[in-house]
Amino acid sequence: MKIILPPSETKVSGGTASSLSIEELSFPRLTHLRKQVLEAVTVLAEDHPESLRVLKLGPKQGSEVQRNRDLLTSPTMPAIERYTGVLFDAIGVSTLSPQQRQFLDSHVLIQSALFGIITANDHIPAYRLSHNSSVFGRGRPLKNLWRAESAKVFDDMEGMILDLRSGGYTTLAPLPRRDGVLSLTVVTRGSDGSLRALNHFNKRGKGEIVRSIVQLGEVFSQPQDLIAGLNGVGHEVSLLDPYTLQFITHRQ
């Protein structure tokens, strides 16, 4: 079973490990593509005004450009600790037990615009890059670079895959449409019983689901088993259609 997370724009600074070793990242078939994106991003970072434009940053976000300039020399940390924000806060990786952390490292993947598909425990530096950043120019979006090889990575994965990525990141690496490949939609129930989608709490809900799966520590092979496990710890999850789970949260 694999759980695929989106990255976040906000990231922790610093690190506890040495600088990036791109050859040590998981899924080595992506190494040549990672090198291309890294080169494009670091070259772009030498042009500060152009970096602000391409990365859609404000004048006060110059430190993000510096992060990209230092990509090859700055310290690294596990990806699951690097990313911050609502989804990652809800996972609460620092509060997991050693056994739970081991389970997370084995089963959680993250879709990075810079590194492609990586595992939770792959060591990466702080950076700034989004799925729609035009680092190769307007005529060559990142999705054109990542799609084909990323699809091969997913094709090699067996068992159930739970995709929690946002729409933009799914375009970088579309999943095969087969049994056991699921997305998750997060909704809330109003006072009249109607269901509506969430924005902010959508990310929090996804993080809560990840944390519960990690705490359960079971490698689910069937959607109904996953649903039973999550509902057994107090969630309200159902199968909306053959490829979609629905999580009803009580947050408004």
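Given the structure is predicted, the values throughout are model-derived calculations rather than measurements.

**Student:** Please explain the pattern of salt bridges as it appears in this structure.
**Tutor:** Between side chains of opposite charge, pairing is possible as soon as their charged atoms come close. For the structure shown, the criterion picks out 14 salt bridges. Its salt-bridge partner being Arg69, residue Glu46 comes within 4.0 Å of it at the nearest N-O pair. Separated by 23 residues along the polypeptide, Glu46 in the loop between helix H1 (31-45) and helix H2 (48-54) and Arg69 in helix H3 (residues 62-69) bring together distant segments of the chain. Note that Glu149 is salt-bridged to Lys152, the shortest N-O span being 3.4 Å. Of this pair, Glu149 and Lys152 both sit in helix H7 (residues 142-155), three residues apart, which is roughly one turn of that helix. For Lys152, a relative accessible area of 38% corresponds to the partly exposed category.

**Student:** Please explain the environment of Glu50 as it appears in this structure.
**Tutor:** With respect to the helices and strands, Glu50 occurs in helix H2. With a relative accessible area of 28%, Glu50 lands in the partly exposed category. Separated by 141 residues in sequence, Glu50 and Ser191 have C-alpha atoms that sit 49 Å apart.

**Student:** What is the right way to look at H1 in this model?
**Tutor:** In an α-helix, one turn spans 3.6 residues; hence positions three or four apart end up facing the same way. The terminal C-alpha atoms of H1 lie 21 Å apart, and with 15 residues this matches the ideal 21 Å at 1.5 Å per residue to within 8%. Looking at the buried positions of H1, the neighbouring elements they touch are H2, H3, strand E5 (116-119) and H7.

**Student:** Is there a simple way to think about the sheet that holds strand E2 (residues 17-19) in this case?
**Tutor:** Where strands meet in a sheet, backbone hydrogen bonds hold them as pairs that are either parallel or antiparallel. With antiparallel pairing, three strands are arranged side by side in an open sheet as E2-E3-E6. A single partner strand is all that each edge strand has here, and the edge strands are E2 and strand E6 (123-124).

**Student:** How should I be thinking about unusual backbone geometry in this particular structure?
**Tutor:** Negative phi is the rule for most residues except glycine; trans is the rule for most peptide bonds. You will see that Phe27, though not glycine, has its phi angle at about 60°, which is positive. Relative to the helices and strands, Phe27 is located in the loop between E2 and H1. Residue Phe27 is classed as partly exposed on the basis of its relative accessible area, which comes to 22%.

**Student:** What's the story with the packing of H1 against H7 in this structure? I'm lost.
**Tutor:** A pair of packed helices is characterised by two quantities: the angle between their axes and the separation of those axes. Relative to each other, H1 and H7 sit at 170°, their axes nearing to 10 Å. What the angle tells us is that H1 and H7 run roughly antiparallel. The way H1 lies across H7 gives a crossing that is left-handed. In contact with His32, Leu33, Arg34, Gln36 and Val37 of H1, H7 contributes Leu142, Leu145, Trp146 and Glu149. Split into classes, the residues belonging to the contact of H1 with H7 amount to five nonpolar, two polar and two charged.

**Student:** What exactly am I supposed to notice about the environment of Leu71 here?
**Tutor:** Within the secondary structure layout, Leu71 lies in the loop between H3 and strand E3 (75-78). For Leu71, a relative accessible area of 0% corresponds to the buried category. Among all residues touching Leu71, those that are not within four sequence positions of it are Leu20, Leu38, Val41, Thr42, Leu114, Pro125, Ala126 and Tyr127.

**Student:** Is there a simple way to explain the nonpolar core in this structure?
**Tutor:** Across soluble globular proteins, nonpolar side chains have a tendency to be buried as a group. One finds Leu5, Leu129 and Leu162 to be the most contacted residues of the largest nonpolar core, which totals 73 residues. Here the element with the most residues in this core is H1; it accounts for seven residues.

**Student:** What should I look at first to understand the packing of aromatic side chains in this one?
**Tutor:** Remark: the centre distance and the inter-plane angle together describe each pair of aromatic rings, the angle taken between the planes. Enumeration over the complete set of coordinates arrives at three aromatic pairs. Ring geometry for Tyr83 against Phe88: centres 5.6 Å apart, planes inclined by 25°, an arrangement best described as stacked. Both residues of the pair, Tyr83 and Phe88, count as buried. Judged by centre distance (5.7 Å) and plane angle (90°), the rings of Phe115 and Tyr127 are edge-to-face. Here Phe115 is found in the loop between strand E4 (108-112) and E5, whereas its partner Tyr127 is found in the loop between E6 and H7, with 12 residues between them in sequence. Exposure class is identical for Phe115 and Tyr127. Each is buried. Chaining the aromatic ring pairs together yields one cluster made of Tyr83, Phe88, Phe115 and Tyr127.

Rules behind the numbers
- Residues numbered from 1 in each chain as written.
- Predicted model: local features only at pLDDT ≥ 70, side-chain atom pairs only at ≥ 80, totals over all residues.
- Heavy atoms only, no water.
- Salt bridge = Lys/Arg side-chain N within 4 Å of Asp/Glu carboxyl O.
- Helix = DSSP H or I, 4+ residues; strand = E, 2+ residues; numbered from the N terminus.
- Buried < 20%, exposed > 50% of the residue type's maximum accessible area, 1.4 Å probe, protein only.
- Expected span 1.5 Å × (residues − 1).
- Contact = heavy atoms within 4.5 Å.
- Pairing = 2+ DSSP bridges.
- Axes fitted to C-alpha atoms, helices over the stretch in contact; angles between N-to-C directions.
- Parallel < 35°, antiparallel > 145°, perpendicular 65-115°, else oblique.
- Left-handed = near helix turned anticlockwise from the far one by under 90°.
- Nonpolar A, V, L, I, M, F, W, Y, C, P; charged D, E, K, R; others polar.
- Core = buried A, V, L, I, M, F, W, Y, C linked by side-chain atoms within 4.5 Å.
- Phe/Tyr/Trp six-rings, centres within 6.5 Å; stacked < 30°, edge-to-face > 60°.

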